[in-house]
Amino acid sequence: MTAKKALNTTLRWIGRFLLAGLILAAGLIVYLLVRESIARRNYHAEYPPPGEMVDLGTHSIHLNCVGSGSPTVLFESDLDQYGVLSWAMVQPAVAEFARACSYDRAGILWSEPGPLPRDGETIARELEAVLNVAGEGGPYVLVGHAFGGAYARIFTGLYRDQVCGMVLLESSHPEMLDRFEVLGVKPDIPDQGIRPLISLLSHLGSPGRYKGNPYNLPPEIYNPMEAYLPESSMAWFDESVESPHTLAQAGMFTDFGDLPLIVMADSQPPASLGTQGEAIQSLWNDLQQELLLLSDDSELRVGKIGHYPQIQNPEQVIMAIQDVVDRCAGAAAIP
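Residues numbered from 1 in each chain as written. Predicted model: local features only at pLDDT ≥ 70, side-chain atom pairs only at ≥ 80, totals over all residues. Heavy atoms only, no water.

### Some details on helix H12 (residues 314-330)
This is how it is decided: Runs of E in the DSSP output that reach at least two residues are strands. Runs of H or I that reach at least four are helices, and both are numbered from the N terminus. Given a helix with a known number of residues, its expected span is that number minus one, times 1.5 Å. Type-normalised accessible area, obtained with a 1.4 Å probe on protein chains alone, sets the label of each residue: buried when under 20%, exposed when over 50%, and partly exposed for intermediate values. Regarding the arc, it is the one traced by the directions from the helix axis to the C-beta atoms.
Its 17 residues give H12 an end-to-end C-alpha distance of 24 Å, which sits within 8% of 24 Å, the value for a rise of 1.5 Å per residue. For H12, the set of buried residues is Pro-314, Val-317, Ile-318, Ala-320, Ile-321, Val-324, Val-325 and Cys-328. All buried residues of H12 lie within an arc of 160° about the axis, which places them on one face of the element. Facing away from the buried side of H12 by more than 90 degrees, the exposed set consists of Glu-315, Met-319 and Gly-330.

### Topic: the pattern of salt bridges
Stated precisely, the cut-off is as follows: Salt-bridge detection follows one rule: a side-chain nitrogen of Lys or Arg within 4 Å of a carboxyl oxygen of Asp or Glu.
Taken as a whole and assessed by the stated rule, the structure comprises 12 salt bridges. As a salt-bridge pair, Glu-136 and Arg-99 come within 2.6 Å of each other at their nearest N and O atoms. Separated by 37 residues along the polypeptide, Glu-136 in the loop between helix H3 (120-134) and strand E5 (140-145) and Arg-99 in strand E4 (residues 99-103) bring together distant segments of the chain. Given the relative accessible area of 22%, Arg-99 is considered partly exposed. A salt bridge links Arg-105 to Glu-239; the nearest nitrogen and oxygen atoms lie 3.0 Å apart. Here Arg-105, found in the loop between E4 and H3, pairs with Glu-239, found in helix H8 (residues 229-241); they are 134 residues apart in sequence, far enough to count as distant. The same class applies to Arg-105 and to Glu-239, which are both buried. Each of Asp-297, Glu-299, Arg-301, Asp-323 and Arg-327 takes part in one network of salt bridges that share partners.

### A closer look at the sheet that holds strand E2 (residues 60-66)
Quick reminder of the rule: When DSSP finds two or more bridges between two strands, those strands count as paired. Axis definition: a line fitted to C-alpha atoms, over the contacting stretch in the case of helices. Angles run 0 to 180 degrees between N-to-C directions. Residues are treated as being in contact if the distance between any of their heavy atoms lies within 4.5 Å.
In spatial order, the strands read E1-E2-E4-E3-E5-E6-E7-E8; together these eight strands make up an open sheet with mixed pairing. On the outer flanks of this sheet lie strand E1 (52-55) and strand E8 (298-303), each paired with one strand and no other. Along the sheet, successive strands turn relative to each other by an average axial angle of 20°, direction set aside. Where E1 lies against E2, four bridges are found, and the strand directions are antiparallel. Pairing of Glu-52 across the sheet is with Leu-63, part of E2. Taken strand by strand, helix H4 (residues 147-158) contacts strand E3 (72-76), E5 and strand E6 (163-169), and its axis lies near 150° from that of E5.

### Quick word on the state of the cysteines
Inclusion rule: Cysteine sulfur atoms that come within 2.5 Å of each other are treated as a disulfide pair.
Going through the model one piece at a time under the given rule, you end up with one disulfide. Sulfur-sulfur distance for the disulfide between Cys-65 and Cys-101 comes to 2.1 Å. For the disulfide bridge between Cys-65 and Cys-101, the dihedral angle about the S-S bond is near 120°, and by the sign convention the bridge is right-handed. Taken together, the residues Cys-65 in strand E2 and Cys-101 in strand E4 connect sequence positions 36 residues apart. There is no split in this pair, since Cys-65 and Cys-101 are both buried.

Here you go:
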């Protein structure tokens, strides 16, 4: 065999191996797509939405309202995949003294994906539309956890006449990204350009389910969250991309007059922060203190509440909500 023939034979075998590899890869992708489609259909049947689906025309949003009375307590979850489940340990108790509404932002858990971009103003206006279509009315007490605090702040700024009080739990601050970067903590903001890849991974079942239960959540909370995790991850990505823009939008609203406001903050830095823990915690405390400037009727409550106080210390959260509801109910009028 001449050298030329040997080379051609080698190239043919390499081509066959590459083709076989591509066929196997395509087959694996199809298998994973089909498996994830079946898994989602089964999970949707196993875990139906606890509330109602509100049709906005372009997509439907899951809204879960229980209890009665006025004002209505409106929960806004963190930039995570917990949605309404984040409030499962708080909402039933709040419903004993007020109307209590939680919801899943577009693409989270039972809510359908919504139009892009998923910035704070889009989300706040979407929530107001959901409440209108569902027939819910103010006045509202906004309860925002972590990044949900930014969403709650934007909603309050846009619809000030509908809001009579606010509770912020470990809330984000408009300047947090820049000020933490000074300490060497760089924000992890995803690149919009990789969205097609994230979408593909989501439909392939990534991130994987059942990775652990860090907050020891009961099965009725943990299992649905994990079941919907690959779907919810797309919404998490879209909101994360817009997070700097959302914080800037929140920073536009700086004065809510005498709106009753309680800010709750954890007093201990997470052990995972290591030697930077004290400096980060000190800055976090400063940011929480500054949130009090939003209102002339504000109060800071600091304690060992954890970063998810509605899960780790629900009694204290319920008490804070009760206090703000009572202040709202006792107010002569809403501005």
